[in-house]
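Given next are the chains, with one letter for each unit.
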Amino acid sequence: MTDTRNSKKLFIKTYGCQMNVYDSQRMADVLGPVGYSMTDRPDDADMVILNTCHIREKASEKVYSEVGRLRKMKEEKAESGDRMLIAVAGCVAQAEGEEIMARAPAVDMVFGPQTYHRLPQMIAEANRAAGIKVLDTDFPVEEKFDHLPEESNHEGVSAFLTVQEGCDKFCTYCVVPYTRGAEASRAAAPVMEEARRMVAAGIREITLLGQNVNAYHGEAADGSEWGLGRLIRELAEIDGLDRIRYTTSYPSEVDEELISAHRDVPQLMPYLHLPVQSGSDKILEAMNRRHTAAEYLELVDKLREARPDLALSSDFIVGFPGETDKDFADTLSIINKVGYDAGAFSFKFSPRPGTPAAAVETQVPEEVKTERLKGVQQLLEAQQAAFNASMPGQTLPVLFEKAGREPGQLVGRSPYLQPVHIFGPERLIGRIIDCNITGNEGHSLFGEPVMTGVEAGETERKRAYA
Ligand code: 5AD
Ligand code: SF4
């Protein structure tokens with residue numbers, strides 16, 4: 001039980017990818033037993049953690065402006081005799097720890113993504129006296145996951161579960177191998193245990209996370225190694241786990257076992273984020289992506305053979321150093337060949353300190369990047385819009401997550417991750433209900449529930465691909 005005399009308030013702001021969302025939840029899990037409960041107001045908090053992202057320049061800059069806002073709150077609190085600890089966590093902390101300490105004196109603690117299981121000790125150290133600074137950006141030998149509490153406060157119906165962390169791919173533009181460290185997989189048994197606990201707490205959908213999730217190779221109890229395909233098959237045996245997703249995958253690490261899981265496991269949703277970055281072989285090579293455009297297309301064919309209704313998403317970088325009009329045309333061409341139904345993300349190349357691509361002389365001018373980004377976004381937007389416009393008239397199983405903005409409205413997700421809005425009773429939250437899709441607007445679908453009495457996952461299980 002929490003001792004209310006020591007009850008403190010914690011505010012966490014999360015930037016960047018889903019792994020940061022998962023990490024923020026785990027930080028809250030670590031701090032719960034030492035008396036911290038969550039608040040959604042920073043000015044109410046005894047401790048504020050900014051869980052940061054370093055992937056592109058803009059993401060990093062946000063941290064310093066947020067620290068500026070927090071400093072004012074911290075000063076106001078100090079005037080009334082209260083203390084607010086400010087911590088910077090995540091990938092900016094890992095990459096720029098010393099710099100943050102020097103540039104932002106209001107920050108009390110800086111810690112990277114591999115050390116947050118030591119948070120209680122760090123806080124105790126920072127609290128010894130005002131002015132003490134704590135910096136912990138190690139890659140410790142001990143496994144973070146072995147030191148996190150088993151208990152987690154799961155709310156809602158969908159959760160992230162980190163199974164793999166780090167990356168050894170060293171794409172020439174990317175900071176992740178430096179901020180998250182070498183590729184490492186969690187053993188299979190604790191992953192299965194965590195999934196079972198989530199399902200027991202009411203979670204119906206799990207998204208397996210990893211910077212390179214399909215490089216997963218977890219040690220199983222019998223000493224064998226499970227790949228991601230095997231892990232998905234085993235997870236699908238958990239009663240009550242109705243939907244499984246994974247992100248982010250690396251094309252050349254998709255193996256036959258994973259492809260066959262898409263064919264055989266109905267709980268594995270027909271949505272896949274499979275970043276290709278560029279359609280030009282020259283640029284793919286300069287990015288060190290380790291596959292050609294043709295190999296990517298071949299892989300997409302295989303996946304669609306296994307699961308014909310697979311909706312694909314991707315990431316694209318435009319304006320990579322040396323990218324010509326012809327290279328850019330190849331990117332538009334691969335987008336046209338694949339057809340990204342589920343929408344895709346596109347970014348201007350951002351030179352990140354310490355990465356090889358940042359040092360290349362043939363940088364693309366900003367105006368050209370802007371123009372190309374517009375071109376890619378228009379095409380991707382049109383593909384997604386066409387896919388969404390093909391939905392009215394279909395019946396889709398929808399997992400309802402929460403109440404909508406309008407009274408009586410519920411919002412859920414289709415298998416393809418589209419938000420679906422209906423009017424219906426709140427008891428449908430947490431259930432999978434077949435819905436007739438009646439309309440679409442923006443990225444959302446609208447529908448009506450088909451109340452057949454077949455609920456909670458059965459609708460999807462029946463739809464197995466033989
Ligand atoms: N510049 C632009 N985009 C980047 N990404 C990663 N690093 C950079 C960079 N330096 C994009 C990639 C990746 C996604 C998470 O962010 O497209 O897949
Ligand atoms: Fe970065 Fe490439 Fe690793 Fe993805 S695969 S995290 S883009 S280095």
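Residues numbered from 1 in each chain as written. Chains lettered and ligands numbered in written order. Predicted model: local features only at pLDDT ≥ 70, side-chain atom pairs only at ≥ 80, totals over all residues. Heavy atoms only, no water.

A closer look at the UniProt feature "domain: TRAM" (unreviewed entry) in the protein
Heads up, the condition is: UniProt positions are given in the numbering used here, feature names are shortened, and annotations may be inferred rather than shown by experiment. What counts as a helix is a DSSP run of H or I of at least four residues, what counts as a strand is a run of E of at least two, and both are numbered from the N terminus.
When the UniProt feature table is mapped to this numbering, "domain: TRAM" (unreviewed entry) covers residues 389-451. Helix makes up 2% of residues 389-451 and strand 56%, with an end-to-end C-alpha separation of 24 Å.

Quick look at the pattern of salt bridges
Applied cut-off: A pairing counts as a salt bridge when a side-chain nitrogen of Lys or Arg comes within 4 Å of a carboxyl oxygen of Asp or Glu. Residue exposure (1.4 Å probe, protein chains only): buried if accessible area is under 20% of the type maximum, exposed if over 50%, otherwise partly exposed.
The tally for this structure, following the rule as stated, stands at 31 salt bridges. Taking the shortest distance from any N to any O, the salt bridge between D136 and R118 comes out at 2.7 Å. Placement of the pair is D136 in strand β6 (residues 134-136) and R118 in the loop between β5 (109-111) and α4 (119-127), with a sequence separation of 18 residues. R118 matches D136 in its accessibility class, with the two residues each being buried. Between R245 and E205 there is a salt bridge, with its nearest N and O atoms 3.0 Å apart. Residue R245 is located in strand β13 (residues 243-247), and its partner E205 is located in strand β10 (residues 205-209); the two are separated by 40 residues in the primary sequence.

Considerations on the packing of aromatic side chains
The following threshold applies: Pairing of aromatic side chains requires ring centres within 6.5 Å, counting the rings of Phe and Tyr and the six-membered ring of Trp. Pairs whose planes differ by under 30 degrees are stacked, by over 60 edge-to-face, and all others tilted. Look at NZ for Lys and CZ for Arg. If either is within 6 Å of the ring centre and within 35 degrees of the ring normal, a charge sits over the ring.
Here the structure, examined in full by the defined rule, presents five aromatic pairs. Each ring, one from F170 and one from Y178, has its centre 5.6 Å from the other, and the planes form 75°; the classification is edge-to-face. With relative accessibility at 41%, the residue Y178 sits in the partly exposed group. Ring plane angle 70° and centroid distance 5.4 Å describe the contact between F320 and F349, whose orientation is recorded as edge-to-face. One end of the pair, F320, is in the loop between β16 (315-318) and α11 (325-338); the other, F349, is in the loop between β17 (345-348) and α12 (366-389), with 29 residues separating them in the sequence. Classification of F320 as buried rests on a relative accessible area of 4%. Of the aromatic side chains, those joined through ring pairs into one cluster are Y173, F320 and F349. Here the basic side chain of R56 rests over the ring of F347, its NZ or CZ set 3.6 Å away from the ring centre.

Notes on the domain arrangement of the protein
Defined as follows: Where each domain begins and ends is defined by an automated method or by a domain database.
Assigned domains within the protein: domain 1 (8-136), domain 2 (154-269), domain 3 (303-390) and domain 4 (395-457). For domain 1 versus domain 3, the separation of C-alpha centres amounts to 34 Å.

Some points on the environment of N153
Its location among the elements puts N153 in the loop between β6 and β7 (158-162). In this structure N153 comes out as exposed when scored by relative accessible area, which is 54%. Taking the C-alpha atoms as reference points, N153 and Q25, separated by 128 residues in sequence, lie 8.0 Å from one another.

Regarding the side chain of E323
The condition is simple: Note on contacts: a residue pair is in contact if any heavy atoms of the two residues lie within 4.5 Å.
One can find E323 in the loop between β16 and α11. When residues no more than four places from it in sequence are discounted, the contact partners of E323 are I283, I317, V318, F328, V364 and R372.

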